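Overview (structure and organization)
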Amino acid sequence: AQTYSDESAIDYTPASAVTGGDVVVLNGIVGVAVTDIAASDQGSLAIEGIFQVPKTTAAWVRGLAVHWNATGDPDSGTAGTGAANQLGNGVYMGIAAETEGSGDDRGAVILNAAVPSNNNASVTATTGGGTTGLISAAATFVTVTSDSADKQISLPAGHVGKVLRILVGTTACELISAVAADKVNEVVVGATNELALTAEALYTCTYTKSGFWVVNG
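Let me sum up the structure you'll find in this document. (Residues numbered from 1 in each chain as written. Predicted model: local features only at pLDDT ≥ 70, side-chain atom pairs only at ≥ 80, totals over all residues. Heavy atoms only, no water.)

**Observations regarding the sheet that holds strand E6 (residues 65-69)**
- Strand order across the open sheet formed by five strands is E5-E9-E8-E6-E7, with antiparallel pairing between neighbours. Two strands in the sheet have a free side with no partner beyond their single neighbour: strand E5 (50-54) and strand E7 (83-85). Strand-to-strand twist across the sheet, computed as the mean angle between neighbouring axes with direction ignored, equals 50 degrees.
- Across three bridges, the pairing between strand E8 (residues 91-96) and strand E9 (residues 106-111) is antiparallel. Considered in E9, the bridge of Ala 96 is made with Val 109. (Pairing = 2+ DSSP bridges. Helix = DSSP H or I, 4+ residues; strand = E, 2+ residues; numbered from the N terminus. Axes fitted to C-alpha atoms, helices over the stretch in contact; angles between N-to-C directions.)

**Comments concerning the environment of Pro 14**
- Here Pro 14 shows up in the loop between strand E1 (9-12) and strand E2 (23-26).
- Residue Pro 14 is classed as buried on the basis of its relative accessible area, which comes to 3%.
- For the pair Pro 14 and Ala 39, spaced 25 residues apart in the sequence, the C-alpha separation amounts to 5.5 Å.
- Beyond its immediate chain neighbours, meaning those up to four positions away, Pro 14 contacts Ile 37, Ala 38, Ala 39, Ser 40 and Asp 41. (Buried < 20%, exposed > 50% of the residue type's maximum accessible area, 1.4 Å probe, protein only. Contact = heavy atoms within 4.5 Å.)

**Some thoughts on unusual backbone geometry**
- Its identity is not glycine, yet Thr 131 carries a phi of approximately 45 degrees, on the positive side.
- Relative to the helices and strands, Thr 131 is located in the loop between strand E10 (120-124) and strand E11 (141-145).
- Positive phi, normally seen in glycine, also occurs at Glu 186, with a value near 75 degrees.
- Inspection of the secondary structure puts Glu 186 in the loop between strand E15 (183-184) and strand E16 (187-188).
- Classification of Glu 186 by relative accessible area gives exposed; the value is 56%.

**Considering the state of the cysteines**
- With the rule as written, the count across this model stands at zero disulfides.
- Cys 173 forms no disulfide, and the closest cysteine sulfur to it belongs to Cys 205, at a distance of 11 Å.
- Cys 173 sits in the buried class, given a relative accessible area of 1%.
- According to the relative accessible area criterion, Cys 205 is buried, its value standing at 0%. (Disulfide = S-S within 2.5 Å.)

By themselves these figures say nothing about function.
Shown next as structure tokens:
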């Protein structure tokens, strides 16, 4: 084998001009333009390092996975120009280097860092399944606290083959999806159509194909 690059960068020739600092997704690889690159000129994309990138409004947790949505809405800036998130929307980008607040415009990402293979998380069911009821896309085992069987937790955006186990505490809750079109056991789940989860039960959720979760328990 021969060294291709010792600068953690890959060659990139854009069809249209790119500004230094832009996030670029190249066949599933997320990179950051090191400098401005004119259309049809060869430049480079950094694929390692810690970068501050535009993020959506939602808060981040250090150590959890970050995805880049090329049409996402940044907390500050033009809607639809791209933003990072911890909801699993878009292409896997890396790991959050810092905890970020909901009002922070940018978040620090360890670019293309390996996602932890075992990531335990805890959620608290809420009305609507948001905030503390939202399961992180990086989680593999989730324990649930609830104070009402009518409150919800939300599945994240999935990828084919993802397996997530959910352990419900002493109070039951309901399961919905953060992705409005996703189905659970062939049924779209949302604010008025939830999957009831029994107290003190263990469920296995498998993302079998695009838009489909199979839940057993």
